[in-house]
Protein chains: 2
Amino acid sequence: MKNKQQVLTKRPIGFPERDTWELREEEIVEPAEGELLIEQHYISLDPAMRGWMNSSRSYIEPVQVGDVMRAGTIGEVIKANNHPKFKEGDILSGWGGVQQYTTTDGKDYYPVDTNLASEPVYIGTLGMPGMTAYFGITEVGKIKEGDVVVVSGAAGAVGSVVGQIAKIKGCRVVGIAGGDEKCKYLIEELGFDDAINYKAGNLRKDLKKACPQGIDVYFDNVGGEILDTVLTRINMHARIVICGAISQYNETAPKGPANYLSLLVNRATMQGMVVFDYAKRYGEAALQMGKWMQEGRLKSREDVHEGIENFYDTFSRLFNGEKIGKLVLDVREK
Amino acid sequence: MKNKQQVLTKRPIGFPERDTWELREEEIVEPAEGELLIEQHYISLDPAMRGWMNSSRSYIEPVQVGDVMRAGTIGEVIKANNHPKFKEGDILSGWGGVQQYTTTDGKDYYPVDTNLASEPVYIGTLGMPGMTAYFGITEVGKIKEGDVVVVSGAAGAVGSVVGQIAKIKGCRVVGIAGGDEKCKYLIEELGFDDAINYKAGNLRKDLKKACPQGIDVYFDNVGGEILDTVLTRINMHARIVICGAISQYNETAPKGPANYLSLLVNRATMQGMVVFDYAKRYGEAALQMGKWMQEGRLKSREDVHEGIENFYDTFSRLFNGEKIGKLVLDVREK
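Residues numbered from 1 in each chain as written. Chains lettered and ligands numbered in written order. Predicted model: local features only at pLDDT ≥ 70, side-chain atom pairs only at ≥ 80, totals over all residues.

So, on to the overall build of chain A. Of regular secondary structure, chain A possesses ten helices and 15 strands. In terms of overall dimensions, chain A is globule-like: its C-alpha atoms have a radius of gyration of 20 Å, near the 20 Å expected for 334 residues. Projected onto its principal axes, the C-alpha coordinates of chain A cover approximately 60 × 45 × 35 Å. Burial analysis of chain A (334 residues in total) assigns 50% to the buried set. (Helix = DSSP H or I, 4+ residues; strand = E, 2+ residues; numbered from the N terminus. Rg over C-alpha atoms; globule rule 2.2 N^0.38 Å. Buried ≥ 20, exposed ≤ 12 C-beta atoms within 10 Å, placed from the backbone.)

So this is what it looks like as structure tokens:
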């Protein structure tokens, strides 16, 4: 039994080339006393991965060249060597990396109940992306009933949850996404009030039409032109949540929001967030979101691909727009 | 007796040309029943004036072409026609515009006591710039003892007060200004801990040296490269007060802060402010700042020029760096 891994071979400049990772086959490391061996089932693909590959100062250590690529995972304990907390058969979520087997002391792993939701959901709507959405829109965006909320990357793992939570909280919700299919999904499946296909090229006009009363809260996953256009439509005391900037992650010269002085004119706030700060409250959020899911008020969609060999192509889908919902890769050997 | 006025002739593109205003001589308008005639002594020159000349949506109505240029003023009531509040001899501050005489119902004018401070101080440290500094650094910047505070445009009317208040509140204060003379003034006269001459061209290095522990609060008057460089040095939960962007006001294509994702990494906040929101609390601030001035803890410097004919050249000093402290123009006929 071998362990296939995707290892970082170099620091990319711009969009990563195929040889930025290399598929390596290693012997499985037997768990020492107090350790676990986890067979990973799914890995989570997140835009943030691109940032982790840069050497620059950030909210988390960069992945080192030569190391297994960092990724959130969900998998099953197949060997527990006198582990104090977990036993064989437990399904654990954690930072297992892009590999099929992880040998670990189990620190920072937590068990999930797959009777309540499927495994991919636990690295999506009930995992980091869901937590990001929950705390970002409630704590940083400070939404209240009646707010006009706009979210970009709206059909993605974070954006789709942001919009649904805002709807549950009584806001008017407009999603921005790339393509008519995604917009249709947002309105018809997720109940957004409106959706704008930014690829149609009329963002400014479409935004004005969708938000005639202006924008109270903007949850930004993309940066670039979309952020800049939204800034022209914000209301007094608007809150802008900076969660990500997928349009800029592969740019060698990132673009700042030229219209940022709209913050001054409107006494508005632009605030950055990192989900890890809310770690102590994940349980509370998962409970609430699980309840909404059971009630059918919060929907989750996963885009599942297969084969650790296909990591690069799957990763690329994060940036080329070819996915709806949470992107995951089933890394089990078939 | 004639009233000389500076009238807006056109909307400037980029830095205003000399013929953007025209000196007009009008008959003085006699005050009607319940009105006042004010002989203006000083007008306030503020970078914000540049924004008021644009037609675009902002925090205040644009000055219309053909109208007297908007300006804060201080002057003396020389005729009161049964005015309910003010009498001849009162010294009033208000929005009298760039002219020698203003006929008004007195709404939004307030009386000042020139025994306590000189007239120019009432349109400087005890006027709008001082109020901006006070509420900006305390309410938006939320400074607390021990914070590292950086302020740009530090030798200006707002910046110099921001830095002094932060010192009074127990912060380490670093000013950014253009030129060695200004830096010397900040350290030797105003008691800043350090000052950086950005024109020396080593801002990044100098900032690192001046703030080895990073930056907790940045009060921005300038935007552009300076804002972008500061963003690379902010601490976790830093607050950035967007008060102005003098480097951008005359740009036809304003530049956004390319490093704004530092807000995300550091869970930092960038918030815009407009002083008018604190109008109800001006009295409280003036009282506090007046006390500090009497105690010698808050110093004020005015750069006084003469002659309404020289409005254009004086206005230009706001942008060419040729002034320290509050720029005012004595518009009385000599």
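There's plenty left to go through after this.
In this section: the environment of E139(A). Along the chain, the position of E139(A) falls in helix α3 (residues 128–140). Considered as a pair, E139(A) and Y278(A) are 139 residues apart in the sequence and their alpha carbons are 9.8 Å apart.

All names here are of chain A. Each domain of chain A was delimited in the assignment, giving domain 1 (2–124 + 301–330) and domain 2 (128–276). Relative to domain 2, the C-alpha centre of domain 1 lies at a distance of 28 Å. Every contact between the two is made by 16 residues of domain 1 and, on the other side, 16 residues of domain 2. Counting residues per element, the side of domain 1 that touches domain 2 draws most heavily on helix α1 (residues 48–52), which supplies three residues. By residue class, the composition of the side of domain 1 that touches domain 2 is seven nonpolar, seven polar and two charged. (Domains from an automatic or database assignment. Contact = placed C-beta atoms within 7 Å. Nonpolar A, V, L, I, M, F, W, Y, C, P; charged D, E, K, R; others polar.)

Our focus in this paragraph is the sheet that holds strand β8 (residues 148–152) of chain A. Strand order in this open sheet of twelve strands is β10(A)-β9(A)-β8(A)-β11(A)-β12(A)-β13(A)-β13(B)-β12(B)-β11(B)-β8(B)-β9(B)-β10(B), and the pairing throughout is mixed. Of all the strands in the sheet, the pair left with one neighbour each is β10 (194–197) of chain A together with β10 (194–197) of chain B. Neighbour-to-neighbour, the strand axes of the sheet open up by a mean angle of 15°, direction not taken into account. Alignment of strand β12 (residues 234–242) of chain B against strand β13 (residues 269–272) of chain B, held across four bridges, turns out to be parallel. The residue of β13(B) that forms the bridge with I240(B) is M270(B). Of the strands in this sheet, β11 (215–220), β12 (234–242) and β13 (269–272) of chain A touch α3(A), which is tilted by about 150° from β12(A). (Pairing = 2+ DSSP bridges. Axes fitted to C-alpha atoms, helices over the stretch in contact; angles between N-to-C directions.)

Now for the interface of chain A and chain B. Each partner contributes residues to the interface: chain A has 24 residues there, and chain B has 24 residues. Going through the elements one at a time, α8 (262–265) and β13 of chain A are the ones with two or more residues in the side of chain A that touches chain B. Among the elements that line the side of chain A that touches chain B, the one with the most residues is β13(A), at four residues. Considering only residue class, the side of chain A that touches chain B consists of 15 nonpolar, six polar and three charged. Note: β13(A) against β13(B), three bridges, orientation antiparallel.

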